[in-house]
Protein chains: 4
Amino acid sequence: HLGLSISDQRLIRNFNDTSLENRRLFAEFFGTFLLVIAAAGADIVNTLTHGSVGRVALVTAPALTVIAVILFMGAVSGAHLNPVVSIAFALRRDFSWRRVPAYIFAQLIGAAAASLLLLTIFGSAGGSGRTEPGPGFTDLQAFAIEILLTCGLVSTILGAASGAQNVGSLSAFAVGSYILLAGLWAEPVSGASMNPARTFGPDLVSLNVSTLWIYVTGPLIGSVIAVGIAHILRGPGGGRSGRKAAQGTLGTDTDH
Amino acid sequence: HLGLSISDQRLIRNFNDTSLENRRLFAEFFGTFLLVIAAAGADIVNTLTHGSVGRVALVTAPALTVIAVILFMGAVSGAHLNPVVSIAFALRRDFSWRRVPAYIFAQLIGAAAASLLLLTIFGSAGGSGRTEPGPGFTDLQAFAIEILLTCGLVSTILGAASGAQNVGSLSAFAVGSYILLAGLWAEPVSGASMNPARTFGPDLVSLNVSTLWIYVTGPLIGSVIAVGIAHILRGPGGGRSGRKAAQGTLGTDTDH
Amino acid sequence: HLGLSISDQRLIRNFNDTSLENRRLFAEFFGTFLLVIAAAGADIVNTLTHGSVGRVALVTAPALTVIAVILFMGAVSGAHLNPVVSIAFALRRDFSWRRVPAYIFAQLIGAAAASLLLLTIFGSAGGSGRTEPGPGFTDLQAFAIEILLTCGLVSTILGAASGAQNVGSLSAFAVGSYILLAGLWAEPVSGASMNPARTFGPDLVSLNVSTLWIYVTGPLIGSVIAVGIAHILRGPGGGRSGRKAAQGTLGTDTDH
Amino acid sequence: HLGLSISDQRLIRNFNDTSLENRRLFAEFFGTFLLVIAAAGADIVNTLTHGSVGRVALVTAPALTVIAVILFMGAVSGAHLNPVVSIAFALRRDFSWRRVPAYIFAQLIGAAAASLLLLTIFGSAGGSGRTEPGPGFTDLQAFAIEILLTCGLVSTILGAASGAQNVGSLSAFAVGSYILLAGLWAEPVSGASMNPARTFGPDLVSLNVSTLWIYVTGPLIGSVIAVGIAHILRGPGGGRSGRKAAQGTLGTDTDH
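> If you had to explain the overall build of chain A to someone new, which residues and values would you point to?
For chain A, the count of helices and strands is 10 helices and zero strands. Taken from the N to the C terminus, the helices and strands of chain A come in the order α-α-α-α-α-α-α-α-α-α. Relative to its full complement of 256 residues, chain A shows a buried share of 67%. Long-range pairs, those at least 24 residues apart, make up 83% of the contacts in chain A with a sequence separation of at least 6. When the accessible surface of chain A is summed, it comes to about 8600 Å², and 64% of that surface belongs to carbon and sulfur atoms.

> Any chance you could break down the environment of S171 of chain D for me, citing the residues and the numbers?
All names here are of chain D. Assignment of secondary structure puts S171 in helix 7 (residues 171-190). With a relative accessible area of 16%, S171 lands in the buried category. On a C-alpha basis, the gap between S171 and G159 in space is 8.8 Å, while along the polypeptide they are 12 residues apart.

> So, the relation of the copies chain C and chain B: which residues are in play, and what are the values?
Of the transformation placing chain C onto chain B, the axial shift is 0.0 Å and the rotation is 90°, giving an RMSD of 0.0 Å. Considering both components of the superposition, the chain copies are consistent with a four-fold axis. If distances are taken from each C-alpha of chain C to the rotation axis, the shortest is found for L170 of chain C, at 5.8 Å. The share of interface residues of chain C whose copies in chain B are also at the interface is only 5%, consistent with the copies meeting through different surfaces.

> Report on the pattern of salt bridges, specifying residues and quantitative values.
Scanning the model with the defined rule gives 24 salt bridges over all chains in all. Ionic contacts of the salt-bridge type, sharing partners, join the residues E21, R24 and R99 of chain A into one network.

> Tell me what's going on with the interface of chain C and chain B, and back it up with residues and numbers.
Between chain C and chain B, the contact holds 39 residues from the first and 41 residues from the second. When chain C packs against chain B, the two sides together hide about 3100 Å² of surface, and 73% of this comes from carbon and sulfur. Connecting chain C to chain B are 10 residue pairs in polar contact (both at pLDDT 80 or more). Those elements that place two or more of their residues in the side of chain C that touches chain B are helix 3 (55-77), helix 6 (139-160), helix 7 (171-190), helix 9 (212-234) and helix 10 (239-247) of chain C. Considering only residue class, the side of chain C that touches chain B consists of 22 nonpolar, 14 polar and three charged.

> Go over the packing of aromatic side chains with me, naming the residues and quoting the values.
Residues and elements named next belong to chain A. Applying the stated criterion to the full structure yields 36 aromatic pairs over all chains. Both rings, one in F30 and one in F33, keep their centres 6.3 Å apart while their planes meet at 15°; by these two values the pair is stacked. Of this pair, F30 and F33 are both found in helix 2 (residues 18-48), three residues apart, which corresponds to roughly one turn of the helix. Just as F30 is buried, F33 falls in that class too. Ring centres of F95 and Y103 lie 4.7 Å apart, and the angle between their planes is 65°; on these two criteria the pair is classed as edge-to-face. Exposure class is identical for F95 and Y103. Each is buried. Here the aromatic cluster, defined as three or more aromatic residues joined through ring pairs, consists of F26, F29, F30, F33 and F72.

> So what's going on with the packing of helix 4 (residues 83-91) of chain D against helix 6 (residues 139-161) of chain D? Residues and values would help.
All names here are of chain D. Interaxial distance between helix 4 and helix 6 falls to 11 Å at its minimum, and their mutual angle equals 50°. On the basis of the axis angle, helix 4 is oblique to helix 6. The crossing of helix 4 and helix 6 is right-handed. Across from V84, V85, A88 and F89 in helix 4, the residues of helix 6 making contact are T150, V154, I157, L158 and A161. Taken together, the residues of the contact of helix 4 with helix 6 sort by class into eight nonpolar, one polar and no charged.

> Describe the interface of chain D and chain C, and please don't skip the residues or the numbers.
Contact with chain D, which involves 39 residues of that partner, is made by 41 residues of chain C. When the two sides are added together, the surface that chain D and chain C hide from each other amounts to roughly 3100 Å², 73% of it contributed by carbon and sulfur. Of all residues in chain D, Q165, W185 and L233 of chain D give up the largest surface area on contact with chain C, accounting jointly for 21% of the area buried on that side. Residue assignment for the side of chain D that touches chain C shows that the elements contributing at least two residues are helix 3 (55-77), helix 6, helix 7, helix 9 (212-234) and helix 10 (239-247) of chain D. When the residues that make up the side of chain D that touches chain C are grouped by side-chain class, the tally is 22 nonpolar, 14 polar and three charged.

> Tell me about the environment of V216 of chain A, residues and numbers included.
You can see V216 of chain A is positioned in helix 9 (residues 212-234). Expressed as a C-alpha distance, the spacing of V216 of chain A and V84 of chain A, which sit 132 residues apart in the sequence, is 8.7 Å.

> Explain a nonpolar patch on the surface residue by residue, including any values.
Residue and element names in this part refer to chain A. There is a patch of nonpolar side chains on the surface, built from L91, W97 and V224 and spanning about 290 Å² of accessible area. Looking at where L91 falls in the secondary structure, it is placed in helix 4 (residues 83-91). L91 sits in the partly exposed class, given a relative accessible area of 37%.

> Break down the side chain of T65 of chain B for me, with residues and values.
Structurally, the position occupied by T65 of chain B is in helix 3 (residues 55-77). Since its relative accessible area comes to 2%, T65 of chain B is described here as buried. A distance of 2.8 Å separates the side chain of T65 of chain B from the backbone oxygen of A61 of chain B, its partner in a polar contact. Every residue in contact with T65 of chain B, bar those within four places of it in the chain, is listed here: L34, L35 and A38 of chain B together with L181 of chain C.

> A description of helix 7 of chain C should follow, citing residues and the corresponding values.
Along helix 7 of chain C, the sharpest kink reaches roughly 55°, centred on L184 of chain C and followed within four residues by the proline P188 of chain C. Note on helix 7 of chain C: the residue one or two positions beyond its end, G191 of chain C, has a positive phi of about 90°.

> I'd like a description of helix 10 of chain D, backed by residues and values.
All names here are of chain D. For helix 10, the complete set of buried residues consists of G239, G242, A246 and Q247. Buried residues of helix 10 fall within an arc of 115° about the axis and therefore sit on the same side. Taken from the residues just after helix 10, G248 is the one with a positive phi, measuring 80°.

> Can you tell me about the nonpolar core, naming the residues and giving the values?
Ranked by size, the top nonpolar core spans 326 residues in total, and within it W185 of chain A, W185 of chain B, W185 of chain C together with W185 of chain D carry the most contacts. Other than its neighbours up to four places away in sequence, W185 of chain B contacts I37, A38, G41, A42, V45, V53, A61, L118 and F122 of chain A together with I145, L148 and L149 of chain B.

> Talk me through unusual backbone geometry; I want residue IDs and the actual numbers.
One non-glycine residue, L207 of chain A, lies in the positive phi region at around 50°. Mapped onto the elements, L207 of chain A comes out in the loop between helix 8 (196-205) and helix 9. Take L207 of chain A: its relative accessible area is 78%, and that puts it in the exposed class. Phi is positive for M194 of chain C, close to 60°, though the residue is something other than glycine. One can find M194 of chain C in the loop between helix 7 and helix 8 (196-205). When its relative accessible area of 1% is taken as the criterion, M194 of chain C is described as buried.

> Give a detailed account of the packing of helix 5 (residues 100-122) of chain B against helix 6 of chain C, specifying residues and quantitative values.
In contact at an axis separation of 10 Å, helix 5 of chain B and helix 6 of chain C are set at 155° when each is read in the N-to-C sense. The angle between helix 5 of chain B and helix 6 of chain C places the two elements in the roughly antiparallel class. In contact with L117, I121 and F122 of chain B of helix 5 of chain B, helix 6 of chain C contributes Q141, A144, I145 and L148 of chain C. In the contact of helix 5 of chain B with helix 6 of chain C, the residues fall into six nonpolar, one polar and no charged.

Criteria and thresholds
Residues numbered from 1 in each chain as written. Chains lettered and ligands numbered in written order. Predicted model: local features only at pLDDT ≥ 70, side-chain atom pairs only at ≥ 80, totals over all residues. Heavy atoms only, no water. Helix = DSSP H or I, 4+ residues; strand = E, 2+ residues; numbered from the N terminus. Buried < 20%, exposed > 50% of the residue type's maximum accessible area, 1.4 Å probe, protein only. Contact = heavy atoms within 4.5 Å. Areas by Shrake-Rupley, 256 points an atom, 1.4 Å probe, with all protein chains shown as cover. Least-squares fit on C-alpha atoms with pLDDT ≥ 70 in both. Salt bridge = Lys/Arg side-chain N within 4 Å of Asp/Glu carboxyl O. Buried area = accessible area lost by both parts, 1.4 Å probe. Polar contact = N/O pair within 3.5 Å; in protein donor to acceptor, adjacent residues only side chain to side chain. Nonpolar A, V, L, I, M, F, W, Y, C, P; charged D, E, K, R; others polar. Phe/Tyr/Trp six-rings, centres within 6.5 Å; stacked < 30°, edge-to-face > 60°. Axes fitted to C-alpha atoms, helices over the stretch in contact; angles between N-to-C directions. Parallel < 35°, antiparallel > 145°, perpendicular 65-115°, else oblique. Left-handed = near helix turned anticlockwise from the far one by under 90°. Patch = residues over 30% accessible without salt bridge, like charges linked within 9 Å, V, L, I, M, F, W, Y side chains within 5 Å. Bend = angle between axes of the 7 residues up to and from the residue. Arc of directions from axis to C-beta. Core = buried A, V, L, I, M, F, W, Y, C linked by side-chain atoms within 4.5 Å.

Written out as structure tokens, the structure is:
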């Protein structure tokens, strides 16, 4: 990596500083926790109130959570909040493979903690907010839709994080817009999860993992396709902006 | 505080200039007034028209009010509009404790004025737009949800105001997105107040403070937790950006 | 005006260049035309389809029109689109009084043209999209609400345009958010017009001006109050940013 | 074009580099694919679930797709996603006429691919998501509305892309806001297509082109009018910003 700017070197040095790694993992934990609170919580309250939340609000709440979390905490950990996002960044070499397991672990724990808290507050009468193929749709249709939706989501994340686009913090709205639009049209088919962690939490506390495979393999395949598309569109890697977006810029600001 | 930049010193000098303090307090009064007009007004009009406003609009109106107020008046006072936000900034030392009582007083007066005006215009037939635990939910559930929601709200406010994030005016949309998502999924449980002032105004004019404790202690506990989380995520204080966001930058611009 | 920067002098010289004035007036005409097409058109299509547009969409369409128009044409004329906005800017001395009559004329013609086109396309069966006090509300209540809503709208416009806030193009979203929130909660009361031109177009083609006084005097009073509030909050005038926002920056860019 | 900056010359040199042209065409293909997936997919899922998607979500999903696509891929190809947008940029000389046929071809192929994939996943029971004049409206009314809507859309695109406005990446939200508002009020009349490619895909797979003429000629006429209006508002051409927005800035960033 000859030719790195001082700012680049500082980014890498800080990223290798393990005293900051716990902050990053906590950020992934807390962000995924907030995401599952909104996504599964909306479903539970909707069930308990016989539909007073409504389908549009159900899918809007988690999309807005991702916008808020990226804006308030994206600089800490990159705000992946989703195992297949961490994997996609690693495939593009914007993120180190050896950090992926801990990120995914933090995301899964965050999702599980959210589902346990919702169970504690609301009991089991409202269900757990699981995502599953909707009435009238087959597992295969849900699987295909999860591949398709996640391909678009990860394309949006990789593109909006790239230096070529130079959209800065507006990338939060690109990602949030995508999550919302996917939910608006495809939630009745598959729940529009696009995120193994979001599905894992409710599946765990409801002790029902019968359809979890759809939400692990579908998003994974979709994200790998998106990495290929990103390569066609912009060549290898997301540039310095891509690395910054993937890794967060924790420790690099001088604003104190 | 050696090493302060000239801009820092100017910020502090202006903030200590009491001739500007009345502007700040008026801004907190007016902003909270507009917030309660929209939040309680939506509820009152919805009651008077037998539901023609609808639940999504009910929770969207106050969230958009906060976005508009932060963008048009955030530089004057910081646009806290909420006692627990003033307290959270003070706990992080981004805001002086001795200013907190007057800020809270201005917020409570603004909320009360809004509720009195709504009562004058619409009479008492539409209720006063109180927040209270929804049908089918216990006080304890509403209390837990107010803690949880406010923890996320104050985390968003502190994070988006920090220099580490560097999102500038987009922080208004982070905060608005959070308030909206909280209302979308949790309004049926507790009213998704997250704000003692917003609850105080309608409680005062309806002479019903039976559940006010939930909306004072819940948001307070949630905001203290959020300050702790912010410390884990970013260490002590919000940096210069955090102080500017908390205090407003009144008097520091040279745009005349 | 000694001490003006070269950019200031250029702004003033261009603004006095009458060859550009026709562009500005055309922009006010076209922007108000688009606003009334969306606002009144939504009402007409809703009537013709027995409610398939829905109340939330009815109030969202004009708010989004204002966002789009400010972003695509704000630099030409300031995108007032509303007589009381031109008057408020003039009261603050951000805009010349002698330009106000032509601006208002362009706005009224734009509104009338929109209403005539809608009448031509849809006939009179769908009504004309008039704003009037809603069922169950008195003229006086509608009048009070128009004062209150417009006070908030003009406060948002003046504040977001001020240099103190420094929100740049995001002011479009502050204004759009305000228009949307006002419609969401108060449309059932008064139609949430806040704009004499928006009400004038449909009233003209329906030959029914029985309630026009509400939508002329209410917004006018509200905007005068807002100018007073802006003076309390930020002192006289909106600074250079305020003048630029009020006047547009037509002819000052060098992007060719 | 004497006096071009180095950055200008680089932009032109890169745009003439045919090794980048395939990326641009792929971007137009993929963006239009995603647009039709959301627009037609929402309609199909709505039909299959007897209306559980709902009209507001139906029109919001494609608008958000355009926002996401512009933000994540606008720099590659300009993200036209619509034949009449390519034509409008060419009419304004912001885009070369000789590139128009390939852009349109890529858009049509993208739309057809989306419709074929939706047919493969959902079968024909849900229809194909065609746009057609709504119940109670004539072809002529739909034609007039498509002219009117597209005139506003292309005005928004040309204006937000111009250097005079200087809104940067926020142009994505101007365009998305316009598409959404058009759908919100006018979808019951004509489907609010404004885009021959969006209509072509579903028409092709349903082997029903009976009303395709409306959605080719209407948007075409509307976009020509918009180019004339843009000339009145800002004179010839969109300046360097307009060219960059029309062409994308692929290859001009130095972010690696």
